[in-house]
Amino acid sequence: VENVRLLDRLSSRKATLGTLYLTATHVIFVENGSETRKETWVLHSQISSIEKQATTATGCPLLIRCKNFQVIQLVIPQERDCHDVYISLIRLARPVKYEELYCFSFNPKLDKEEREEGWKLVNLNEEYTRMGIPNTYWQISDVNRDYGVCDSYPTEVYVPKSTTAHIIVGSSKFRSRRRFPALSYYCKHNNASICRSSQPLSGFSARCLEDEQMLQAIRKANPASDFLYVVDTRPKLNAMANRAAGKGYENEDNYSNIKFQFIGIENIHVMRNSLQKMLEVCELKSPSMSDFLWGLENSGWLKHIKAIMDAGIFIAKAVAEEGVSVLVHCSDGWDRTAQVCSVASLLLDPYYRTMKGFMVLIEKDWVSFGHKFNHRYGNLDGDPKEISPVIDQFIECVWQLMEQFPCAFEFNERFLIHIQHHIYSCQFGNFLCNSQKERRELKIQERTYSLWAHMWKNRADYLNPLYRSDHSQTQGTLRPQTAPCNFLYKFWSGMYNRFEKGLHPRQSVTDYLMAVKEETQQLEEELEILAERLANLQKSQLNDNNKVKIKQQDQSKQLGLSTSNNSLANTPQEYSNDLKSFPSWSPSQGDEEDSALILTQDNLKSSDPDLSANSDQESGVEDLSCRSPSGGGCLPSEDSGKDSDEAVFLA
Amino acid sequence: IMRSSQPLTGTNGRRCKEDEKLINATLRPGKRGYIIDTRSLNVAQQARAKGGGFEQEVHYPQWRRIHKCIERFNILQESLIKLVEACNDQSHNMDRWLSKLEASNWLTHIKEILTAACLAAQCIDREGASVLVHGTEGTDSTLQVTSLAQIILDPRCRTIRGFESLVVREWLQAGHPFQQRCAQSAYSNSKQKWEAPVFLLFLDCVWQILRQFPCSFEFNEQFLIMLFEHAYASQFGTFLGNNENERSKLKLPQKTMSLWSWVNRSEELSRFQNPLFEANSLVIWPSVAPQSLQLWEGVFLRWNRPSKFLDEAHEEIINIIKYN
């Protein structure tokens, strides 16, 4: 569709004219004229909602809201066209078959071996070995090898050595969705463990011998402790209500030596509404500070983030400080349980704070344990009541921790943002379907590519320059405080206002430091090479006493070398100039790369849409603030979020 | 940029040709000027009853008056007290925290002040027009606006010496009544009539800009915190008294040491330098959207949590750059 206008979200008077394209996988807006022909790409999978607004004199507005929080406002001149686009997008954004998803057509030009290797990058068996299993107390069980016991669990589960198949099967019959207690994390320093399950089908008085034996086995697998924590992450009222439906929670009287605890994290519906409210605040045009803070409080979002974090802190404390094992569950054990177990693991084990370790963590507690990616993030068109930002909340917990412990994580904010992006993008096969069983049936690993391999290749972009594995802050357990006045929970504008670069710090400390480190590394390498050459020359000088001429040359070379060595050492100013020319130092670019893509078939398939999909006008001299009011003279207005200096930065 | 106090137009609409001549002299040929009044129109109008007022268009035809309301100083102390109270509330309730933070209005003041300063800077930079800033006395919000505008416009004000000069010029010499304003701070039991954290708000605004442009300032957060402390309590005489007149009468230059003489010693300066600083000649425009403004943890949550992890991060930054 031609002559479509893309409106700037903050300043609706600013619009770019261009052409709108709909392809099988993307919506693409290409700017008219100008040398850059800037493009905005949006994957259909990313589209959360499309709103057709009232036709005005200028055309028909169409608002596209994305799951990665990008908001695109288009104005289509003809109502007919607008309607067509609207209907098409509705269909395209709600695929009915997996094969419609981008991951099945995405082609990064890798061969079969490379694809396989990519999928092998993260290996959970290796992970459990790293934890120290099998050992005296824990082992792998193949009881679920054909998904016969629990179809949302992986084929390989880890259980106390003392449990038999009989106990596991019996326990599974007493658990919602058959999700029996299984190992999530084992702490080899003190034998304490974190296990996870779903709620017991206890109703008001039902009991199950095998389930009680299961918990006992878990407790006994930690001989130094005489009790086991059972943590129900639901609010007490909800859990109690479940009893009427024949489910519920563990009765301390029936299970020997357990200490039961409610933590009180709200359910997926509350979280979905919370996010909705927070996004409404983000969409306010020129809100006052009060509007914003009040809106944020009213959404309850940070309160929920804190609740998840506090639960993780409680469990980490139980394991690390008390040396007590914990069994965690919620209702079905695939949402709050996943959040809380992974936060706790991250606090406990520095490995999960490395890039590779974090990938492993997500594979373990989210992917393998059957978090319902399809239902929660809408791979396919489904029940809107199943949609909920569950993993988004976990990712935010990680970011909040990164803000408080800046040296403790090997990866940076961009890593988290890209992971969130790709959970929704369906460009890779990692986060499809609702369980390992479904993914294997669809042969995901043979037909799609792994996100982890892709990110690992680009890991230089995701490093935290402040991370040092030998630093005291990176080692051991993280122990954050819990009161909000002691742990400042911040609004994550990098995520929820991701595409409004004007709102973010205009110079990126991370990028600057990475550029410095890169340069340092290059200099070190150069230094090594030069030192080697120097040594060689000195050697050859000693050896070739006869060849005077050559010797002379060597000497002059030596002189040349030494002066250049000195110049390297004596001109720090040059380095800072070099730094300025490093493309990566452009402070506002962040994760967006050059968007001068050409619309060839190749590029359509192989480009990372994430990198080109910047609807944000950062490459030009964008003046976000100067809106001339009516009545003489340009009265500068409130939000002086000017980007005019970015042109200089980019130069 | 000029600063003054309010004109004494009163209810009779008095005029003063000398005043008009004076400020007209700053106009560039053929250009209008802007008067930024830091009071709302209502307040400015009410000031007439007490003999004050604002510049009337008929007498100052080449000047366009803009009202950019910044809260009056007496309200600010209450704001600070509420904020500090919120920060001391050890409750685990997030709703309570957020609502107390919002009720203090601290960040609202920050937003107002920064917005007014950006406006003044825009007049200069975008319009090429002269600006006159005043409130009532010209000793509080006026100074916040003029000094922040210079930080936005002039890279020299972002160097350590430049910033020190700015403080001396726009706060000490301009007569901000430090003695009255920085008497006791948030915990005082007696409510002093003239107390207000005007200078702290200014420093907070500088910090907000620093956070948004971390490579554009020669000094770091510690420098700003140090200035905050010395404004309230100091072994140096720099922030004593309410204006130059008083300082001279008290013979402060003869009887006390200057803060700058200590700060500028190289062993002290090294603590206050920003390792990320790269001098640039840019005009830097901060975002005043609520998402861009944050609570100044370094001051308000300073005693609530160990600074260890953030200090280590700062150390690491210094190491990376030093090694390079």
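Because the structure is a prediction, the values reported are computed rather than measured.

**Student:** Hey, could you run me through the pattern of salt bridges in this one?
**Tutor:** When the charged atoms of two side chains lie near each other, side chains of opposite charge can form a pair. This model, assessed by the stated rule, comprises 47 salt bridges over all chains. The shortest N-O distance in the salt bridge between A:E99 and A:R447 comes to 3.2 Å. With a gap of 348 residues between them, A:E99 in the loop between helix 1 (79-92) and helix 2 (112-120) and A:R447 in helix 16 (residues 444-447) connect regions that are remote in the sequence. Accessibility expressed as a relative area gives 39% for A:E99, which makes it partly exposed. The residue B:R302 makes a salt bridge to B:E229 at a minimum N-O spacing of 3.0 Å. Of this pair, B:R302 sits in the loop between helix 15 (297-300) and helix 16 (308-323) while B:E229 sits in helix 10 (residues 221-232), and the two are 73 residues apart along the sequence. Residue classification places B:E229 among the partly exposed positions, given a relative accessible area of 34%.

**Student:** Explain the UniProt feature "domain: Myotubularin phosphatase" (unreviewed entry) in chain B to me, please; I cannot follow it from the model alone.
**Tutor:** In the numbering used here, UniProt assigns the "domain: Myotubularin phosphatase" (unreviewed entry) feature to residues 1-300 of chain B. A distance of 32 Å separates the end C-alpha atoms of residues 1-300 of chain B, which is 48% helix and 5% strand.

**Student:** Teacher, can you tell me more about the UniProt feature "coiled-coil region" (unreviewed entry) in chain A here?
**Tutor:** The residues that UniProt annotates with the feature "coiled-coil region" (unreviewed entry) are residues 513-540 of chain A. Between the end C-alpha atoms of residues 513-540 of chain A there is a gap of 40 Å, over a span that is 100% helix and 0% strand.

**Student:** What exactly am I supposed to notice about the UniProt feature "binding site: substrate" (unreviewed entry) in chain A here?
**Tutor:** All names here are of chain A. Mapped onto the present numbering, the UniProt feature "binding site: substrate" (unreviewed entry) falls at N267, I268, C330, S331, D332, G333, W334, D335 and R336. Despite a sequence span of 70 residues, these residues sit close together in the fold, their greatest C-alpha distance being 12.3 Å. Residue position: W334 is located in the loop between strand 14 (326-329) and helix 10 (336-348). Exposure remark for W334: the relative accessible area of 6% places this residue in the buried category. When residues no more than four places from it in sequence are discounted, the contact partners of W334 are S152, R177, R179, R196, G370, H371, K372 and R376. Along the polypeptide, D335 turns up in the loop between strand 14 and helix 10. A residue is classified by how much of its surface remains accessible, and D335, at 7% relative accessible area, is buried. Residue contacts for D335: discarding those within four places in its chain leaves I268, C330, W366, H371, R376 and V390.

**Student:** Help me understand the interface of chain B and chain A, please; the structure alone is not making it clear to me.
**Tutor:** You'll often see interface size given as the accessible area lost when the parts meet. Counting residues at the interface gives 68 residues for chain B, matched by 73 residues for chain A. Summed over both partners, the interface of chain B with chain A comes to about 6100 Å²; 59% of that surface belongs to carbon and sulfur atoms. At the junction of chain B and chain A, the tally comes to 3 salt bridges. Close ionic contact of B:E316 with A:R468 constitutes a salt bridge, the shortest N to O distance being 2.5 Å. Counting across the chain B and chain A interface gives 23 residue pairs in polar contact (both at pLDDT 80 or more). Counting only elements with at least two residues in the side of chain B that touches chain A, the list comes to strand 3 (63-67), helix 3 (73-88), helix 4 (94-104), helix 5 (106-125), helix 9 (198-212) and helix 16 of chain B. The element best represented in the side of chain B that touches chain A is helix 16 of chain B, accounting for 10 residues. Here the side of chain B that touches chain A is composed, by residue class, of 35 nonpolar, 18 polar and 15 charged.

**Student:** Hey, could you run me through the sheet that holds strand 11 (residues 193-197) of chain A in this one?
**Tutor:** As a general point, the strands of a sheet are linked pairwise by backbone hydrogen bonds and lie either parallel or antiparallel. Residue and element names in this part refer to chain A. The sheet built from 5 strands is open, its strands ordered 10-11-14-12-13 with mixed pairing. Looking at the sheet topology across the chains shown, the edges are occupied by strand 10 (182-186) and strand 13 (258-262). Looking at each pair of strands side by side, their axes are set apart by 25° on average, direction ignored.

**Student:** How do you make sense of the pairing of strand 6 (residues 60-66) of chain A when you look at a structure like this?
**Tutor:** Residues in a regular strand project their side chains so that they alternate between the two faces of the sheet. Residue and element names in this part refer to chain A. Counting buried positions along strand 6 yields 6 of 7 residues, so the element is predominantly enclosed. Relative to strand 7 (residues 71-76), strand 6 runs antiparallel, the two sharing 6 bridges. Pairing of L62 across the sheet is with L74, part of strand 7. In sequence, strand 6 turns back onto strand 7 through a hairpin of 4 residues, with F69 there showing a positive phi of about 75°.

Cut-offs used in this document
- Residues numbered from 1 in each chain as written.
- Chains lettered and ligands numbered in written order.
- Predicted model: local features only at pLDDT ≥ 70, side-chain atom pairs only at ≥ 80, totals over all residues.
- Heavy atoms only, no water.
- Salt bridge = Lys/Arg side-chain N within 4 Å of Asp/Glu carboxyl O.
- Helix = DSSP H or I, 4+ residues; strand = E, 2+ residues; numbered from the N terminus.
- Buried < 20%, exposed > 50% of the residue type's maximum accessible area, 1.4 Å probe, protein only.
- UniProt positions renumbered as here; feature names shortened; annotations may be inferred.
- Contact = heavy atoms within 4.5 Å.
- Buried area = accessible area lost by both parts, 1.4 Å probe.
- Polar contact = N/O pair within 3.5 Å; in protein donor to acceptor, adjacent residues only side chain to side chain.
- Nonpolar A, V, L, I, M, F, W, Y, C, P; charged D, E, K, R; others polar.
- Pairing = 2+ DSSP bridges.
- Axes fitted to C-alpha atoms, helices over the stretch in contact; angles between N-to-C directions.

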